[in-house]
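# Residue-level structural notes
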Amino acid sequence: MDGSIIDLLMNLKTLRKKIRKLETRLEEGPKKLAKLKRKLEAMTKAKERKTKLKLAARVAAARRTTKASAPAQKEKSGSTAQPQAKAATARERSPAKKAKRKLNLSPERRAQLAAAMKARWAAKRAAADGNSQKSSTEGNSQAP
């Protein structure tokens, strides 16, 4: 009997311990969830602020370029070619292009691709020459 009482007490002790651990885990769960939600909200607000700042910077830059170009056009009312050229170059400017990815080809594959490209270009040139000769012969036959 003494052995069964000890086993029963040990089981009660382990059961209480398990219950206590589970309760603490359940308490931590909502806290952790609330913490993550706060973090998410803070990150979304930061992202919104960042996009607003970027937009404001773009608008300010656009205003600066329009203000800078407007007086220049008024001063040079006689010649219109230069301001148009400046505007065209401003439009052509684009953000830095991504660097081309270098292909990791073996020398044999590179030679094979080069030969294929040369053959394609030769066929293209031959087709263009054939079209130009065809059109010139048709033009000569219609002339008389």
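Reading guide: rules and limits
- Per chain, residues are indexed from 1 in the order of the written sequence.
- Owing to the predicted nature of the model, reporting of local features is limited to residues with pLDDT of at least 70; listing and counting of side-chain atom pairs is limited to 80 or more, with chain, interface and lining totals taken over all residues.
- Hydrogen atoms and water are omitted, and side-chain values are computed over all heavy atoms in the structure.
- Put simply, DSSP H or I for four residues or longer makes a helix, DSSP E for two residues or longer makes a strand, and each gets a number counted from the N terminus.
- Accessible surface is estimated by sampling points in the Shrake-Rupley manner with a 1.4 Å probe; for residues, cover comes only from the protein chains shown.
- Each patch is built from salt-bridge-free residues with over 30% relative accessible area, joining like charges within 9 Å and nonpolar side chains (Val, Leu, Ile, Met, Phe, Trp, Tyr) within 5 Å.
- By convention in these notes, a salt bridge is any Lys or Arg side-chain nitrogen within 4 Å of a carboxyl oxygen on Asp or Glu.
- When charges are tallied, Lys and Arg are placed among the positive residues and Asp and Glu among the negative ones, while His and the ends of the chain are skipped.
- Think of each charge as sitting on NZ of Lys, CZ of Arg, CG of Asp or CD of Glu.
- Whether a residue is buried, partly exposed or exposed follows from its accessible area with a 1.4 Å probe, protein chains only, as a fraction of its type maximum: under 20%, in between, or over 50%, in that order.
- Here, two residues are considered to be in contact whenever any of their heavy atoms come within 4.5 Å of each other.
- Per residue, pLDDT measures the predictor's confidence, with a range of 0 to 100.

## A word on the overall build of the protein chain
Counting secondary structure elements, the protein chain contains 3 helices and 0 strands. When the helices and strands of the protein chain are listed from N to C terminus, the series reads α-α-α. Put simply, the protein chain shows about 14300 Å² of open surface, and 60% of that area lies on carbon and sulfur atoms.

## Here's the deal with a positive patch on the surface
A cluster of like positive charges, contributed by Lys13, Lys17, Arg20, Lys21 and Arg25, occupies part of the molecular surface. Examined against the element boundaries, Arg20 turns out to sit in helix H1 (residues 2-75).

## A word on the environment of Arg110
You can see Arg110 is positioned in helix H3 (residues 107-142). Using a relative accessible area of 44% as the deciding quantity, one classes Arg110 as partly exposed. Setting aside its immediate chain neighbours within four residues, Arg110 contacts Leu103 and Leu105.

## Here we look at a nonpolar patch on the surface
Together, Ile5, Leu8, Leu9 and Leu12 give the surface a local cluster of nonpolar side chains, amounting to about 370 Å² of exposed area. Tracing the sequence through the fold places Leu12 in helix H1.

## A look at the pattern of salt bridges
Going through the model one piece at a time under the given rule, you end up with 1 salt bridge. Notably, a salt bridge pairs Lys45 with Glu41, separated by 3.5 Å at the nearest N-O pair. Of this pair, Lys45 and Glu41 both sit in helix H1, separated by 4 residues, roughly a single helical turn.

## Re the confidence of the model for the protein chain
Any region with low pLDDT has predicted coordinates that should not be read closely. When pLDDT is averaged along the protein chain, the result is 78, and 71% of the positions lie at 70 or above. Of all secondary-structure elements in the protein chain, the lowest mean pLDDT belongs to helix H2 (residues 81-92), at 55, while H3 reaches the highest, 84.

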